[in-house]
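What the coordinates show
Here are the chains, one letter per residue:
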Amino acid sequence: MRKKELKYLVTFHTTTGAMAMEKYCKQQQLPGRLIPVPRQISAGCGMAWAAPPESREVIHSMLIEQKMDVDGEYEIWI
Amino acid sequence: MIYLDNAATTLRKPPEVIQAVVNAMNQMGNSARGTHDEALAASRIIYETRELLSDLFGCPRPDHVIFTSNSTEALNTAIYGMISQGDHVISTDMEHNSVLRPLYRLEREREVSLSFVPADEGGTICYEEFERQITPRTRAIVCTHGSNLTGNLVDLVRVGEIAKKHKLLFIVDASQTAGVFPIDMEKMHIDVLCFTGHKSLFGPQGTGGMCVRPGLDIVPLKVGGSGVRTYEKIHPKELPVGLEAGTLNGHGIAGLGAGVRFIKDTGMEMIRRHEEKLARVFYEEVCQIPGIQVYGDFQADCRAPIVALNLKDYDSSEVSDELAQGYSIATRPGAHCAPRMHQALGTVEQGAVRFSFSWFNTIEEVHTAIRAMKELSQ
């Protein structure tokens with residue numbers, strides 16, 4: 001198994017919310033990718049957006065601006 | 001073979017639709033069931049199709065586009081999920097059984113009372129009747145955008161205004177019009193728009209859905225697998241998953257998405273004009289053939305590309321079979337799952353032969369069908 005890294009995680013209520021996130025981040029060239037939600041997090045949808053912690057500020061602002069369907073935001077070692 | 005049964009299902013699909021289904025079957029895993037490439041491929045295509053449909057119908061949010069297997073399932077979900085014990089519902093004589101039977105079932109099971117805006121012998125309705133039928137218990141208006149039998153359209157802006165004025169739910173069956181006629185949920189004050197994929201949206205059978213106004217509470221018809229909140233006993237409420245228990249028809253939805261994209265690329269107005277022209281040319285010729293009676297309102301500016309007719313007192317099944325066997329022309333005979341409409345037209349016994357046109361029909365095919373009807377009438 002690979003070494004754990006600190007990640008900024010965004011979870012969503014629905015898969016549709018995760019898809020909207022992925023599409024927007026790709027368009028805007030924001031970092032990250034969809035991963036399965038780690039077990040220590042409880043989330044509506046089974047997908048989470050995982051990005052480097054340093055991108056938290058810019059992504060967080062975008063989540064509010066774009067009214068993304070966010071369930072939670074975390075920083076965890078995965 | 002000349003296929004003129006497009007109101008039942010469009011046979012000729014854009015090649016992109018077929019290719020999209022083939023690609024999906026080669027590449028797609030299960031949407032919302034993981035984040036490996038194959039699962040994501042499914043989730044992405046399904047999401048894109050939600051976006052395309054929300055844009056097409058003026059649905060405020062892509063996540064409020066719910067996929068079902070057809071209009072019938074969507075209408076059952078909307079009607080069964082929102083109409084309560086003792087409510088009153090207004091519908092019309094123009095409806096298909098996919099509207100009527102869920103309503104009749106609620107009449108038996110939830111003591112729901114029903115009123116129907118009557119259609120005249122030309123199959124048209126009087127809009128003032130909607131308001132006349134309203135009672136203090138009226139909860140909803142459920143109506144079609146276009147009759148599957150006559151092709152007559154309903155002015156949704158007008159009915160939507162009435163629904164809004166009286167704070168009624170407005171549930172619309174767009175089976176015959178989606179993809180050909182402009183529909184704007186906001187402008188028409190539609191709460192739930194039900195559509196099927198396999199007709200004028202050019203998708204595969206087994207696709208369809210409903211666009212839901214945000215804020216509505218619809219009790220799902222089915223609950224079960226959702227891919228999320230596994231340990232909760234209650235199915236999640238969030239849309240779209242709240243109304244989409246079980247694995248979606250991702251392969252079909254990929255085809256539906258390609259169908260909607262084809263409509264957008266070709267232009268809805270272009271498609272409509274072509275289909276209207278075919279139906280109009282056919283009507284203008286066959287209505288002059290002695291012994292042929294055509295049903296529906298052909299004075300209307302706008303109508304679905306459907307021409308239903310009978311030849312003398314021949315059984316409509318016999319005429320349709322002659323067309324199929326003698327001319328390789330596919331039409332639909334008999335009763336068209338629209339019992340009240342047949343009663344209004346006086347065609348309960350005879351049924352009707354329905355010719356319905358699509359973008360992929362040609363004017364030459366129409367002229368062949370006209371010649372066939374002329375021959376059969378002699």
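Conventions and cut-offs
- Residues numbered from 1 in each chain as written.
- Chains lettered and ligands numbered in written order.
- Predicted model: local features only at pLDDT ≥ 70, side-chain atom pairs only at ≥ 80, totals over all residues.
- Heavy atoms only, no water.
- Helix = DSSP H or I, 4+ residues; strand = E, 2+ residues; numbered from the N terminus.
- Rg over C-alpha atoms; globule rule 2.2 N^0.38 Å.
- Buried < 20%, exposed > 50% of the residue type's maximum accessible area, 1.4 Å probe, protein only.
- Contact = heavy atoms within 4.5 Å.
- Expected span 1.5 Å × (residues − 1).
- Buried area = accessible area lost by both parts, 1.4 Å probe.
- Salt bridge = Lys/Arg side-chain N within 4 Å of Asp/Glu carboxyl O.
- Polar contact = N/O pair within 3.5 Å; in protein donor to acceptor, adjacent residues only side chain to side chain.
- Patch = residues over 30% accessible without salt bridge, like charges linked within 9 Å, V, L, I, M, F, W, Y side chains within 5 Å.
- Areas by Shrake-Rupley, 256 points an atom, 1.4 Å probe, with all protein chains shown as cover.
- Lys, Arg positive; Asp, Glu negative; His and termini not counted.
- Charge placed at Lys NZ, Arg CZ, Asp CG, Glu CD.
- Core = buried A, V, L, I, M, F, W, Y, C linked by side-chain atoms within 4.5 Å.
- pLDDT = per-residue confidence, 0-100.
- Pairing = 2+ DSSP bridges.

1. Considerations on the overall build of chain A
A tally of regular secondary structure across chain A gives two helices and four strands. For a compact globule of 78 residues, the expected C-alpha radius of gyration is about 12 Å, and chain A comes in at 11 Å, within 12% of that figure. Projected onto its principal axes, the C-alpha positions of chain A cover 35 × 25 × 15 Å. Here chain A holds 78 residues, and 49% of them are scored as buried. Restricting the contact set of chain A to residue pairs at least 6 apart, pairs at least 24 apart contribute 73%.

2. Some points on helix α2 (residues 37-57) of chain B
An ideal rise of 1.5 Å per residue puts 30 Å on 21 residues; α2 of chain B measures up with 30 Å between its terminal C-alpha atoms. Just beyond α2 of chain B, the residue with positive phi is Gly58 of chain B, at close to 65 degrees.

3. So, the interface of chain B and chain A
Each partner contributes to the interface: chain B provides 17 residues, whereas chain A provides 17 residues. Interface area, chain B with chain A, both sides summed: about 1300 Å², of which 62% is carbon and sulfur. Viewed at the interface, chain A and chain B are joined by two salt bridges. Glu22 of chain A is paired through a salt bridge with Arg44 of chain B; the nearest N and O atoms lie 2.5 Å apart. Applying the counting rule to chain B against chain A returns two residue pairs in polar contact (both at pLDDT 80 or more).

4. Some points on helix α9 (residues 316-327) of chain B
Because an α-helix completes one turn every 3.6 residues, residues spaced three or four positions apart along the sequence face the same direction. All names here are of chain B. With 12 residues, α9 extends 16 Å from end C-alpha to end C-alpha; this agrees with the ideal 16 Å at 1.5 Å per step. Residues of α9 that are buried sit in contact with β10 (306-311), β11 (329-330), β12 (353-356) and α11 (363-377). For α9, the N-terminal cap is Asp315; the gap from its side-chain oxygen to the backbone nitrogen of Ser317 is 2.9 Å. Following α9 by one or two positions, Ser328 adopts a phi angle in the positive range, close to 55 degrees.

5. Section: the environment of Gly123 of chain B
Residues and elements named next belong to chain B. You can see Gly123 is positioned in the loop between β4 (113-117) and α5 (128-133). In sequence terms Gly123 and Thr331 are 208 residues apart; their C-alpha atoms lie 20 Å from each other. Setting aside residues up to four positions removed in sequence, Gly123 forms contacts with Met94, Asn152, Met341 and Leu345.

6. Notes on unusual backbone geometry
Keep in mind that most residues, glycine aside, have a negative phi and that most peptide bonds are trans. Residue and element names in this part refer to chain B. Note that the residue after Leu239, namely Pro240, is joined by a cis bond; omega there is 10 degrees. If you trace the backbone, Pro240 turns up in the loop between β8 (208-212) and α7 (250-266). Despite not being glycine, Ser328 shows a phi value in the positive range, around 55 degrees. By secondary structure assignment, the location of Ser328 is in the loop between α9 and β11. Looking at Ser328, the relative accessible area reads 37%, which means it is partly exposed.

7. Remarks on a positive patch on the surface
Residues and elements named next belong to chain A. Positive charge collects at one region of the surface, where Arg2, Lys4, Arg33 and Arg39 lie side by side. Structurally, the position occupied by Lys4 is in the segment before β1 (6-12). You can call Lys4 exposed: its relative accessible area is 55%.

8. Section: the pattern of salt bridges
Enumeration according to the criterion identifies 23 salt bridges over all chains in this entry. Across the salt bridge formed by Lys165 of chain B and Glu131 of chain B, the nearest N and O atoms sit 2.9 Å from each other. Residue Lys165 of chain B is located in helix α6 (residues 156-165), and its partner Glu131 of chain B is located in helix α5; the two are separated by 34 residues in the primary sequence. A residue is classified by how much of its surface remains accessible, and Lys165 of chain B, at 58% relative accessible area, is exposed. On the basis of relative accessibility, which here comes to 33%, the residue Glu131 of chain B falls in the partly exposed class. Linked through salt bridges whose partners overlap, the residues forming this network are Glu22 and Lys26 of chain A together with Arg44 of chain B.

9. A short note on the nonpolar core
Residues and elements named next belong to chain B. Of all hydrophobic cores here, the largest spans 53 residues; its most connected members are Leu53, Phe57 and Leu201. Beyond its immediate stretch of four places on either side in the chain, Phe57 contacts Ala178, Ile183, Asp184, Met185, Leu193, Phe195, Leu201 and Cys211. One finds Ala74, Met82, Val99 and Leu103 within the second-largest nonpolar core, a separate group that totals 28 residues.

10. Points about the confidence of the model for chain A
Mean pLDDT over chain A: 92, with 97% of residues reaching 70 or higher. No element of chain A has a lower mean pLDDT than strand β2 (residues 33-36) of chain A, at 93, and none a higher one than helix α2 (residues 56-65) of chain A, at 97.

11. Focus: the pairing of β1 of chain A
Residue and element names in this part refer to chain A. The buried fraction of β1 amounts to five of the seven residues, a majority that puts the element mostly inside the structure. Of the strand pairs in this sheet, β1 and strand β4 (residues 70-77) are connected by seven bridges, and their pairing is antiparallel. Each bridged residue has a counterpart across the sheet, and for Lys7 the counterpart in β4 is Ile76. Bridging between β1 and strand β3 (residues 47-51) involves four bridges; their strand directions are antiparallel. Each residue of the ladder has a partner; that of Val10, found in β3, is Trp49.

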